[in-house]
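One letter stands for each residue in the lines below.
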Amino acid sequence: MTGVRKGLAKVEVALRWDPSPAGTPANDLDVVAAVYGAADRHGTPVQLVHFGSRSPDGTITLNRDSHTGQGFGFDEVMTLELHRMSPDKVRVVIGVVIQNTGAAAGGTGGAKTFADVAGTGFRIREGHTDLAQGDFAGLPHATAATVAEFTRDASGAWSFDVRLEGFEADPEEFTRAMGGVR
C-alpha cells in the first residue's frame, strides 16, 4: 500500500476476488462509495453509490459489477470524477461489502467473511498510476471493510489515504458506519 497523494482528479477503484468453489453459494463483493458534505463530514452521506446506482451528478459510476467473481483481472470497477464534484462535497469513503448469498464456506450457515472468499484484492489508480493496492487477508472475520478516504482541502484539491478497516456488519449497517470518526 502507499500513502497520501494530493491533487487528484479522476480515480478508478477496482475490486477482485475468486469465484466460490463449485456447489457453494456465489461470492458477491460490492464496492460502495459514500459521499459526505461539508456540514456533516462523518455523519449521514449525502450520496451513497453502489451496485445498480450512480451518483445523481454523474461523478461516481460503477462501470463493472460482478455477482460471482468470474472473469479475468478486476471484477468490479468504480470511477470517481473528484474534479467534477460540487464544492460542498468534501469527503468520499470507499468500502467493500460481502453480500450474504448463502451459507459461509464450510456450511456454518452464517454470513460470509473475507476468510471465506479467496483471491480478494483492490487497486486504486489515477490514469495509469497505481495509488494503492492491497487485499483483505488481514481482516478475516470482517464482512465489510473501508478501503480508502478522499478528502478535499480548503483550496479545493483532493487528497487520498488508504483506510483499511474491517467491520462485522450487514450491508445496511455498514453504509451507516463506514464514514464515522475513528
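Residues numbered from 1 in each chain as written. Predicted model: local features only at pLDDT ≥ 70, side-chain atom pairs only at ≥ 80, totals over all residues. Heavy atoms only, no water.

J.: Requested: an account of the confidence of the model for the protein chain, with residues and values cited.
T.: Chain-level statistics for the protein chain give a pLDDT mean of 85 and a share of 85% at 70 or above. A low-confidence stretch, residues 103-108 stays under pLDDT 50, and its non-local contacts, those more than four residues away or across chains, total 10 contacts. (pLDDT = per-residue confidence, 0-100. Contact = heavy atoms within 4.5 Å.)

J.: Mind laying out the side chain of Lys-89, listing which residues take part and the relevant values?
T.: Examined against the element boundaries, Lys-89 turns out to sit in strand 7 (residues 89-98). Among buried charged residues, Lys-89 stands out as having no salt bridge; its nearest opposite-charge side chain is Asp-88, 4.1 Å away. The residues touching Lys-89, leaving out its near neighbours within four places in the chain, are Val-35, Tyr-36, Gly-37, Val-46, Gln-47, Asp-57, Arg-152 and Trp-158. (Helix = DSSP H or I, 4+ residues; strand = E, 2+ residues; numbered from the N terminus. Buried < 20%, exposed > 50% of the residue type's maximum accessible area, 1.4 Å probe, protein only. Lys, Arg positive; Asp, Glu negative; His and termini not counted. Salt bridge = Lys/Arg side-chain N within 4 Å of Asp/Glu carboxyl O.)

J.: Let's hear about the packing of aromatic side chains: which residues, and what values?
T.: Each aromatic ring pair is specified by the distance between its two centres and by the angle formed by the two planes. In the structure shown here, the tally under the stated rule is four aromatic pairs. Measuring from ring centre to ring centre gives 4.5 Å for Phe-114 and Phe-136, while their planes differ by 10°; the resulting arrangement is stacked. Of this pair, Phe-114 sits in the loop between strand 7 and strand 8 (121-126) while Phe-136 is found in the loop between strand 9 (129-134) and strand 10 (144-152), placing the two residues 22 residues apart along the sequence. You can call Phe-114 buried: its relative accessible area is 4%. Looking at Phe-136, the relative accessible area reads 1%, which means it is buried. (Phe/Tyr/Trp six-rings, centres within 6.5 Å; stacked < 30°, edge-to-face > 60°.)

J.: Break down the environment of Val-147 for me, citing the residues and quoting the values.
T.: If you trace the backbone, Val-147 turns up in strand 10. For the pair formed by Val-147 and Val-96, sequence separation is 51 residues and the distance between their alpha carbons is 7.2 Å. Beyond its immediate chain neighbours, meaning those up to four positions away, Val-147 contacts Ile-94, Gly-95, Val-96, Phe-122, Ile-124, Phe-136, Val-162, Arg-163 and Leu-164.

J.: Quick one: what's the story with the pairing of strand 3 (residues 29-37), residue by residue and with numbers?
T.: Note on strand geometry: in a regular strand, side chains alternate between the two faces of the sheet. Most of strand 3 sits out of view: nine of its nine residues are buried. Side chains Leu-29, Val-31, Ala-33, Val-35 and Gly-37 project from strand 3 onto one buried face, and the interleaved Asp-30, Val-32, Ala-34 and Tyr-36 project onto a second face that is buried too. The pairing of strand 3 with strand 4 (residues 47-49) spans three bridges and is classified as antiparallel. Each bridged residue has a counterpart across the sheet, and for Val-35 the counterpart in strand 4 is Gln-47. (Pairing = 2+ DSSP bridges.)

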